[in-house]
Structure formats: structure tokens, C-alpha cells
Amino acid sequence: MRGDTLTRGRPWAFSRFSADGLCALALAIALLSAAPAEARNQVTIDIDRYVATVGDAVRITVNILVQGRGGYEQFFPPKMEGFQLEGTALTSQSYEVVNWNVRLRESRVYEATPLRAGKLVIGPAAVRVGGTTVKSNKVVLHVKAGQGRQVTPTPSDPQGSSLRQSPGKRLPSILLQASAEPNRPYVGQQVIVTWKLYAEPEVVDFAATTQPVHDDFWAEDLESIRRLRYTQEVHQNRIFRSAVVMRRALFPQKSGKLKVGPLTARIRTFSGFMGAPSVYSSGTLELDVLPLPTAQQPADFPAQNVGRFELVTSVDQEKTQIGKPLQLKVVVAGRGNIRQIELPQLKSLPGAKLYPPKVSDRLHDDRGIRGEKVAEYVIMPTRAGKLSIPALQLHYFDPIDKTYRVSTSDVQTIIVEGGATPPSSTSSPSATSPDNVLGRDIRPVRQIGPIGGDHNAKALLSTPLLIALFGLAPALLLGVGLIGTLRARLLHSRAPGTKTALQREVRSQIKAAKSALARGSADALTAALTSALFAQLTDCIDARAEGLTRSELHEAWSQHSLPAPLLSATTAQLDQLDAIRFAGSSPDSTTLAALIPQTTKLINQLGGLR
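The model shown is predicted, which means the values in this text are computed figures rather than measured ones. (Residues numbered from 1 in each chain as written. Predicted model: local features only at pLDDT ≥ 70, side-chain atom pairs only at ≥ 80, totals over all residues. Heavy atoms only, no water.)

## Let's talk about the packing of aromatic side chains
Logical step 1: Following the criterion strictly, the structure yields five aromatic pairs and no others.
Logical step 2: Look at Phe301 and Tyr404: their rings are 5.1 Å apart centre to centre, the planes differ by 85°, and that puts the pair in the edge-to-face class. With Phe301 in the loop between strand S21 (285-289) and strand S22 (307-315) and Tyr404 in strand S30 (residues 403-408), the pair connects residues that are 103 residues apart, well separated along the chain. Here the two residues Phe301 and Tyr404 agree in accessibility, since each one is buried.
Logical step 3: Lying across the ring of Tyr230, Arg241 places its NZ or CZ 4.3 Å from the centre. (Phe/Tyr/Trp six-rings, centres within 6.5 Å; stacked < 30°, edge-to-face > 60°. Helix = DSSP H or I, 4+ residues; strand = E, 2+ residues; numbered from the N terminus. Buried < 20%, exposed > 50% of the residue type's maximum accessible area, 1.4 Å probe, protein only. Lys NZ or Arg CZ within 6 Å of the ring centre and 35° of its normal.)

## Considerations on the packing of helix H6 (residues 522-541) against helix H7 (residues 550-559)
Logical step 1: One way to put it is that H6 packs onto H7 with a least axis distance of 9 Å and a crossing angle of 45°. As far as their axial angle goes, H7 and H6 are oblique. Residues Leu537, Cys540 and Ile541 of H6 pack against Leu553, Ala556 and Trp557 of H7.
Logical step 2: Among the residues forming the contact of H6 with H7, the class breakdown is six nonpolar, no polar and no charged. (Axes fitted to C-alpha atoms, helices over the stretch in contact; angles between N-to-C directions. Parallel < 35°, antiparallel > 145°, perpendicular 65-115°, else oblique. Contact = heavy atoms within 4.5 Å. Nonpolar A, V, L, I, M, F, W, Y, C, P; charged D, E, K, R; others polar.)

## Quick word on the pattern of salt bridges
If charged atoms from side chains of opposite charge come close, those side chains can pair.
Logical step 1: One pass over the full model with this rule turns up 20 salt bridges.
Logical step 2: Note that Arg184 is salt-bridged to Asp288, the shortest N-O span being 3.2 Å. Residue Arg184 is located in the loop between strand S12 (174-181) and strand S13 (191-199), and its partner Asp288 is located in strand S21; the two are separated by 104 residues in the primary sequence.
Logical step 3: Residues Asp401 and Arg405 are paired through a salt bridge, measuring 2.7 Å at the closest nitrogen-oxygen approach. (Salt bridge = Lys/Arg side-chain N within 4 Å of Asp/Glu carboxyl O.)

## Examining unusual backbone geometry
Logical step 1: Cis geometry is adopted by the peptide bond preceding Pro124, which originates at Gly123 and carries an omega value of 5°.
Logical step 2: Among the secondary structure elements, Pro124 is positioned in the loop between strand S8 (118-122) and strand S9 (126-129).
Logical step 3: That bond from Glu181 to Pro182 is cis: its omega, -5°, falls within 30 degrees of zero.
Logical step 4: Secondary-structure assignment places Pro182 in the loop between S12 and S13.
Logical step 5: One non-glycine residue with positive phi stands out, namely Gln296, at about 65°.
Logical step 6: Topologically, Gln296 is positioned in the loop between S21 and S22.

## Considerations on empty space enclosed by the protein
Logical step 1: Inspection of the entire model under this criterion finds one cavity of 30 Å³ or more.
Logical step 2: Space inside the largest cavity adds up to approximately 70 Å³.
Logical step 3: What lines the largest cavity is simply Tyr50, Lys138, Val139, Val140, Ser314, Val315, Asp316, Gln327 and Lys329.
Logical step 4: The set of elements that each furnish at least two residues to the lining of the largest cavity consists of strand S11 (139-144), S22 and strand S24 (326-336).
Logical step 5: The residue makeup of the lining of the largest cavity, split by class, is four nonpolar, two polar and three charged. (1 Å grid on protein atoms, 1.4 Å probe; cavity = no way out; pocket = protein on both sides within 12 Å on 5 of 7 lines; lining within 4 Å. Points joined across faces, edges and corners; volume = space filled by probe spheres on them.)

## So, H6
Logical step 1: The terminal C-alpha atoms of H6 lie 29 Å apart, and with 20 residues this matches the ideal 28 Å at 1.5 Å per residue to within 8%.
Logical step 2: Burial analysis of H6 places 15 of its 20 residues in the buried class, which makes it a mostly covered element.
Logical step 3: One side-chain oxygen of the residue at the start of H6 lies 3.3 Å from the amide nitrogen of Ala524, identifying that residue as Ser521.
Logical step 4: Looking one or two residues past H6, Asp542 carries a phi angle of roughly 55°, positive in sign. (Expected span 1.5 Å × (residues − 1). Polar contact = N/O pair within 3.5 Å; in protein donor to acceptor, adjacent residues only side chain to side chain.)

## What about the side chain of Arg103?
Logical step 1: Along the chain, the position of Arg103 falls in strand S7 (residues 101-114).
Logical step 2: Of the residues examined, Arg103 reaches a relative accessible area of 14% and is grouped as buried.
Logical step 3: Reaching out from Arg103, the side chain makes a polar contact with the side chain of Glu96 at a distance of 2.6 Å.

## Things to note about the nonpolar core
Logical step 1: Core analysis: the largest hydrophobic core is formed by 33 residues, its most contacted members being Leu525, Leu529, Leu537 and Trp557.
Logical step 2: Of all the elements in the fold, those that place two or more residues in this core are helix H5 (498-519), H6, H7, helix H8 (564-581) and helix H9 (589-607).
Logical step 3: By residue number, the principal contributor to this core is H6, which donates 11 residues.
Logical step 4: Those residues in contact with Trp557 that sit more than four places away from it in its chain are Leu537, Cys540, Ile541, Leu562, Pro563, Ala564, Leu566, Leu567, Leu606 and Leu609. (Core = buried A, V, L, I, M, F, W, Y, C linked by side-chain atoms within 4.5 Å.)

## Observations regarding the sheet that holds strand S2 (residues 51-53)
Logical step 1: The sheet built from three strands is open, its strands ordered S2-S11-S8 with mixed pairing. Taken across any chain shown, the strands that pair with only one partner, and hence form the sheet edges, are S2 and S8. Within the sheet, the average angular offset between the axes of one strand and its neighbour, ignoring direction, is 35°.
Logical step 2: Where S8 meets S11, five bridges bridge the pair, whose relative direction is antiparallel. Looking across to S11, one finds that Leu120 is bridged to Leu141. (Pairing = 2+ DSSP bridges.)

## Focus: the packing of H6 against H9
Logical step 1: Relative orientation of the contacting elements H6 and H9 amounts to 10°, with a least axis distance of 10 Å. Regarding the angle of H6 to H9, the classification is roughly parallel. Of H9, the residues touching H6 (which contributes Ala522, Leu525, Thr526, Leu529, Ala532, Leu533, Gln536, Leu537 and Cys540) are Leu592, Leu595, Ile596, Thr599, Leu602, Ile603, Leu606 and Gly607.
Logical step 2: For the contact of H6 with H9, a count of residues per class yields 13 nonpolar, four polar and no charged.

## Focus: the sheet that holds strand S31 (residues 412-417)
Logical step 1: Spatial ordering of the open sheet is given by S23-S31-S28, a layout of three strands whose pairing is mixed. Only two strands of the sheet have a single neighbouring strand rather than two, namely strand S23 (319-321) and strand S28 (385-389). On average, each strand axis in the sheet is tilted by 35° relative to the strand beside it, whichever way the strands run.
Logical step 2: Judged from the five bridges that link them, S28 and S31 form a sheet pairing that is antiparallel.

## Brief notes about H7
Logical step 1: All of the buried residues in H7 are Leu553, Ala556 and Trp557. One side of H7 carries all its buried residues, which in axial view fall inside an arc of 100°.
Logical step 2: Once H7 ends, the next one or two residues include Ser561, with phi positive near 55°. (Arc of directions from axis to C-beta.)

So this is what it looks like as C-alpha cells:
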């Protein structure tokens with residue numbers, strides 16, 4: 001009777017609202033309070049290169065992501081047939097909290113050496129979590145037959161010294177010289193430039209004051225010399241203690257007579273320990289750069305494809321289904337200008353949807369630049385059958401053999417199966433079927449009061465609270481999107497006074513440098529000029545430049561399509577300022593005074609880019 005009284009009451013009666021409105025209310029509250037979906041457990045395999053030589057060690061990393069504080073029950077190492085493991089894996093773990101969810105991140109790093117040539121498959125690795133096995137991907141390593149490592153010979157008579165021996169004159173006791181191998185390269189060919197110190201007395205202090213300027217070259221640092229390592233060497237019938245002070249890989253960007261500026265250093269010897277250091281210069285190095293030969297040159301040949309390279313492709317699965325993505329890796333490996341090399345492109349693929357590739361590069365310093373450039377395509381099959389990925393071709397010029405070559409990848413074939421057939425929406429289980437578990441022990445719906453039909457629906461939809469709840473979730477989502485868009489625009493746009501504030505800061509630092517020069521403080525002068533340069537660089541790349549590594553600065557610079565020679569000159573000036581600032585002894589006032597106009601000129605050039 002109490003139920004009848006409630007159902008015959010007003011349209012706002014609790015039982016009517018609970019029948020229809022509570023469902024909608026629960027749905028709206030769920031939309032408002034929904035948290036991001038929890039990430040799934042994952043295991044992935046990555047390697048530090050995709051092309052290797054028999055006997056070269058490869059780094060294999062297994063990354064594990066497991067939800068929950070409990071971690072996993074068991075780990076299954078990756079299959080590595082054809083490899084020899086170098087010791088055990090290096091394991092690191094960390095816990096993180098994301099949206100109040102605890103998860104474990106773990107990495108296991110293996111060093112493995114391939115023992116035979118061919119395609120070696122690594123993986124899968126796996127973990128067991130809550131009784132379920134989570135497997136990783138497989139990675140293909142292309143292994144070539146062993147070949148000797150290329151070593152750049154040390155010239156017996158370095159070039160480019162500003163101190164040359166004249167007939168009848170004795171060589172100085174200290175020489176700073178530069179040499180290039182080769183000294184007659186082709187456009188785009190890798191040139192190894194080595195700056196070397198020759199000294200008879202014992203050197204107790206060496207500080208570079210002026211870095212070499214090479215505006216017509218793409219440059220890569222080969223090694224960072226933190227401590228000079230001396231060896232005895234016979235040079236022009238005299239015994240010197242020699243040490244490499246700098247080595248860079250330069251790639252000429254045009255033909256003709258190109259110059260590499262001098263390296264200047266302050267050197268103090270043991271015999272002159274109590275006196276002022278002497279300044280030495282390597283002199284200017286000139287290279288005769290040859291143009292690429294036109295005979296048999298392929299049409300539209302990219303001038304940066306100079307070196308020795310190999311093109312390989314691989315897919316992460318050989319069998320898939322319609323609508324299930326797969327990954328294609330296009331890898332160029334070899335010795336040359338890996339960052340600038342132009343990869344062959346896969347523009348279309350019949351029977352599949354092709355997404356733009358993600359391109360990355362990995363460099364290795366092996367007395368020269370070698371490495372890999374990788375393009376990773378995501379492919380979505382759209383029909384069943386055989387999906388054939390055609391062979392790709394990479395044209396390049398071999399400067400050793402002085403000929404044009406082409407590297408061709410293999411054809412990749414994937415079997416695409418049809419997707420699962422969805423159940424028919426018109427069929428319904430029979431009430432008498434033995435498989436119909438809903439047909440037993442299910443009581444019919446009991447009608448307590450009259451069903452209002454459209455009246456209930458109209459009353460529910462006209463409820464102000466329900467309308468507000470349904471409108472609140474989209475409004476919140478829209479507001480978050482607008483705030484994110486506005487924030488992104490604010491981050492990438494300049495306020496009207498930003499440029500004025502930047503100019504004010506740069507002028508202030510230049511003024512501080514001039515004041516430090518008047519006081520004779522080399523540390524304060526170089527610190528002020530360094531801050532001014534970093535402020536202008538930050539304006540150019542729209543990111544804080546101070547604290548970036550040299551490779552990160554180059555990457556940010558190239559993303560803004562800014563001229564590479566200007567960055568080389570700027571980084572050379574920064575290196576010179578750092579060398580003076582941290583050398584422990586002050587140069588002469590003439591050298592310090594020249595730093596201010598040099599830095600101001602670079603700042604003006606950087607300011608002209610925006």
C-alpha cells in the first residue's frame with residue numbers, strides 16, 4: 001500500500017525518478033568523474049642499432065611496465081639465438097604514481113655479440129602478471145659478415161701549422177698543428193680533422209682560447225678531450241711528446257677552396273711555470289673540395305648521400321588481420337653524414353593505409369661518424385590477402401671507389417587475414433534453447449503502477465537538474481580543450497614586450513662585460529658574454545638554451561630550419577668563453593677586449609633571424 005501511494009503521487013515521486021532518472025544521473029556522474037583509463041601492462045624490446053657486423057657487441061634493452069605495487073611473478077628472458085651474451089643483464093627499477101595508480105618500471109640491458117651473418121631475431125621476452133603472460137615484440141637485427149674496422153692513419157707531417165720549419169732553422173719546442181684526412185674530399189664526404197700538440201718540454205697548462213671556425217662544413221664532434229694523453233712521437237727527426245687536443249668530423253657543403261679556422265691555445269710549460277703562458281695557433285687549414293662527378297649520376301641525386309651505406313627493411317609481424325596495425329622499419333646504416341642523408345620514401349601502399357614515418361638517428365664515434373637513420377612507418381591493412389611492401393632503393397656516392405652505388409632492400413610480404421565476423425543483431429537466443437541461461441529462474445517484471453509512456457520521458461527530459469548534469473560534462477570538456485589551446489598559443493607566441501625585455505637583458509649583459517673589462521676581471525666578463533649569447537639563443541629556438549647539450553642544441557636549431565654555419569660560429573664562441581672562464585689564469589687585455597665585439601656581432605646576427 002505504501003508503494004501504491006508513492007506511485008500515485010506527484011510526477012516528482014521518488015519511485016518514478018528512480019526508475020528512469022537515476023540511471024541518467026549515474027551516467028552523468030560517471031562522465032564527470034571518469035578517470036583516464038589505466039595503462040596496460042607492457043613489455044617491449046629495443047636495440048641500439050638495427051645493422052651490425054659479426055663480432056660487434058649490440059645493446060639489447062627490455063623495458064617492463066606493470067600496474068600495481070606487487071609487480072610481476074616471473075620474467076622470461078628474450079630469445080637470442082645466434083648471439084653470445086656478455087655477462088648478465090644490468091637491471092634497474094623504479095616506482096611511479098600516476099592518477100593515484102602505482103606502477104613498476106623496469107629495464108634490463110643485455111650486451112650480446114652476433115656470431116653469424118644474416119637476419120637474427122631477438123625476442124620475445126615476457127612477464128607473468130596475475131596468471132597472465134604478457135609478451136613483447138620481436139626485433140630483427142641485420143648482421144653482415146665481419147670486416148676490419150677502418151682506422152684513420154696519423155699523418156707523419158701534419159698540415160696547417162702556422163709554425164713551419166725553414167731551411168737552416170730549428171723547429172720550435174712547441175707546435176700546435178692541424179691535419180685533415182682526406183685533404184681533397186668530395187662534397188659531402190667525411191673529413192677527419194685532428195688538432196695535435198707537439199711539445200719537447202713538459203706542458204703543465206693547456207687552455208684553448210679560440211675554437212676553429214668552419215662555416216662551410218657540417219660538423220660533428222668526435223671526442224671530448226678532457227685530459228691530454230701524451231705519447232712519444234718522432235717528428236722531423238726530433239722526439240716530441242704529442243697529444244690529440246681536438247678531433248672533429250667535417251662534411252663540406254660545397255666545392256672549391258674551403259678553409260677551417262685556426263685553433264688558438266695558451267700553453268704553459270714546466271720550465272716557464274712562474275711566467276705568463278704563451279699563445280700558440282694551429283694556423284688556417286685549407287681543403288680542396290671536389291664536386292661530385294656528373295658521369296652516371298642518378299637523376300635528382302641528393303648531394304648529402306656520400307659515404308658507404310646499406311639499406312634494410314623489416315616488419316614486426318609477418319601475419320596480421322584487417323584493421324590491426326603493423327610496423328615497418330626502414331634503416332640506413334653506414335659511415336657518412338647520417339643526420340643529413342636522404343632516406344627513400346614509401347609514398348603509398350595498395351591494400352593498406354600508410355601513416356607518415358617517425359625518423360630518428362643513432363650516431364657512433366668510431367674514429368669517424370657512423371651510425372643508423374631509421375624511419376618507422378605504421379601500416380594499417382584494409383583488405384585480406386597478401387600485403388606486399390616493395391623493395392626500396394638508396395642511391396649514394398662511394399668516395400673511396402669514386403662511383404655511384406645503389407643499395408636495395410628486400411621485399412616484405414605480410415599475410416592479412418579477415419577480421420572476426422560480428423554477431424547478427426536480428427538473431428536472438430531461443431527461450432527453450434539449453435544454451436539460453438537467461439530463460440531459467442528469471443521472474444517477469446512486476447508492474448507497480450501505471451506506465452506513463454511519453455509522459456515519463458517528457459517529465460524526465462524537462463527536469464532542470466538532469467539538463468544541467470548532461471550539459472555540464474560537455475561544457476567541462478570544451479573548457480579544458482579551450483584552455484589547452486590558449487595555453488599552447490601563449491607558449492608559442494610572444495608578448496608585445498618580450499622582444500624589448502630581451503634586448504634590455506642583452507644590453508645589460510654587454511654593459512656588465514665592459515665594466516668587467518675595465519676592472520680586469522676575466523671571469524665576470526666571460527660570464528656576462530655567455531649569458532648574453534644564451535639569452536639570444538633562447539629567443540631563436542623558443543626554448544631555454546642554457547643547459548642543453550651540444551647535440552640537443554643542434555636538434556632544436558634544425559627544427560627551426562635556421563642556418564647551421566651561424567650555430568657553429570656561436571658554439572665556437574661559447575667554447576672560447578668557457579675555456580677562458582675555467583682555465584684558471586687570465587689572458588692578456590687585448591684578447592679579452594676582442595671578445596666583446598666578437599660576441600656582439602654574433603648576437604646581432606642571431607637577432608636578425610627573428
